[in-house]
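Examining the three-dimensional arrangement
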Amino acid sequence: VIHKTTWCGLKSFPPKQEQVVDRFEKEKLDFIYCLEKSLDLSPQYVLMVEDDALPTPDMLHVLRHKLQYRLNMRVFQGELLHNGDDWAFLKLYSMERWQGYGNDITSALELTGAGLLGGTVFLYALQRRRQKMSRRFVNFVLGFVYVVLLCWTVGRQNLLLQFRRLTAQLYTVKSAPYCCTQAVLYPSDMAAEIARFLKTRTCKKTYAVDFVLSDFATNNRLQRYLVEPNLFQHVGFVSSLRSDVKDPQSGVALE
C-alpha cells in the first residue's frame, strides 16, 4: 500500500468462506478481500503484488518518477502540466516474450531508428576520398540491414529494454495488454470501483481476474498502462490455478 511517500506492507488472510469449487473464482474473492483491506488504510495508491513476483532494485525510484512526471503530470513543450487522462491501473510486469519486436508501429519505428543509426555509422566508417555516391549508398544500406537484423536476432527484451534501465527517465509508459496481474498499481478510488465491479462478475478458466480488470477499464473508458521494462520479475514455476509448470519469464509450459 502506498500513502504519499510512505510504504506500508499489508499481510492478511480472508475469513473462512463457503467452499468455492472454481479456483479462478476463489482467486477473485481473495483479490477483492486484499483490495478492501488495503483501502481500510486510506492510501493514495494500492500496489497488489503476487507472491512469486520480485521487485527490481530501482522499482520505487522509477515508480515515483513515472507517477509524478507521466501519470499525474506531463511535460508538454517544455512545461510541466497536469495530466487529465483517467487511468484504471498501472501494470509493473508483463511477460517478456510479448515485449519483443512485432507487427506494430512502435517496433517499426524502433527498428527503423536503429537501422538509420547503423547505416550512418557504416557510411562514415567506410568512407573514402573520391568515393562514388553509389558506393556510399551501398554502404549505408548494408549498415541499415545489418543493424536491423542484429536487433531482431538479439531481441528487444535483451537490447533496447535493457538500455532503458540506465535511468528512470528512459523507462516508458504504454498501453497495457490484457494479461498478467503479478504486480499492478491502482489509484485508491479506482481500487474501490474495481472491487465493486469484481463482485458482479464470475471468474472461470476462460475469464480470469486479469480479463475482468481489462473489461472494467474498457467499460469505463479508462486507460490501462504498463511500465517498460518490467519493474518486477516473475519467479514462479508452478501455477496453483492451472496446475502446470511454466517458465516464469516466457510463460511457456515446461515438460
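Here the structure is a predicted model, which means the values were calculated and not measured.

1. Observations regarding the pattern of salt bridges
- By the definition in use, this model includes five salt bridges.
- A salt bridge links Lys174 to Glu228; the nearest nitrogen and oxygen atoms lie 3.7 Å apart. With Lys174 in strand E8 (residues 172-175) and Glu228 in strand E10 (residues 223-228), this pair connects stretches of sequence that are 54 residues apart.
- A relative accessible area of 33% means that Lys174 is categorised as partly exposed.

2. Digging into the packing of aromatic side chains
- Going through the model one piece at a time under the given rule, you end up with six aromatic pairs.
- Here Tyr178 and Phe211 contribute two aromatic rings whose centre-to-centre distance is 6.3 Å and whose plane-to-plane angle is 25 degrees, an arrangement assigned as stacked. Here Tyr178, found in the loop between E8 and strand E9 (183-187), pairs with Phe211, found in helix H7 (residues 209-219); they are 33 residues apart in sequence, far enough to count as distant.
- Three or more aromatic residues joined by ring pairs make a cluster, and in this case those are Phe31, Phe89 and Tyr186.
- Sitting above the plane of the Tyr225 ring, Arg70 keeps its charged end 5.3 Å from the centroid.

About the thresholds
Residue positions within a chain follow its written sequence, with the count starting from 1. Side-chain atom pairs in this predicted model are given and counted only at pLDDT of 80 or more, local residue features only at pLDDT of at least 70, and totals for whole chains, interfaces and linings cover all residues. To obtain the side-chain values, all non-hydrogen atoms of the structure were included, while hydrogens and water were left out. In the sections that follow, a salt bridge refers to a side-chain nitrogen of Lys or Arg positioned within 4 Å of a carboxyl oxygen of Asp or Glu. Strands here mean DSSP runs of E at least two residues long; helices mean DSSP runs of H or I at least four residues long; both are numbered from the N terminus. Think of it in three bands: with a 1.4 Å probe and only protein chains considered, a residue is buried below 20% of the maximum accessible area for its type, exposed above 50%, and partly exposed in between. Stacked, edge-to-face and tilted labels apply to pairs of Phe, Tyr and Trp rings (six-membered ring for Trp) whose centres lie within 6.5 Å, assigned for plane angles under 30 degrees, over 60, and everything in between, in that order. We count a charge as sitting over a ring when the NZ of a lysine or the CZ of an arginine lies within 6 Å of the ring centre and within 35 degrees of the ring normal.

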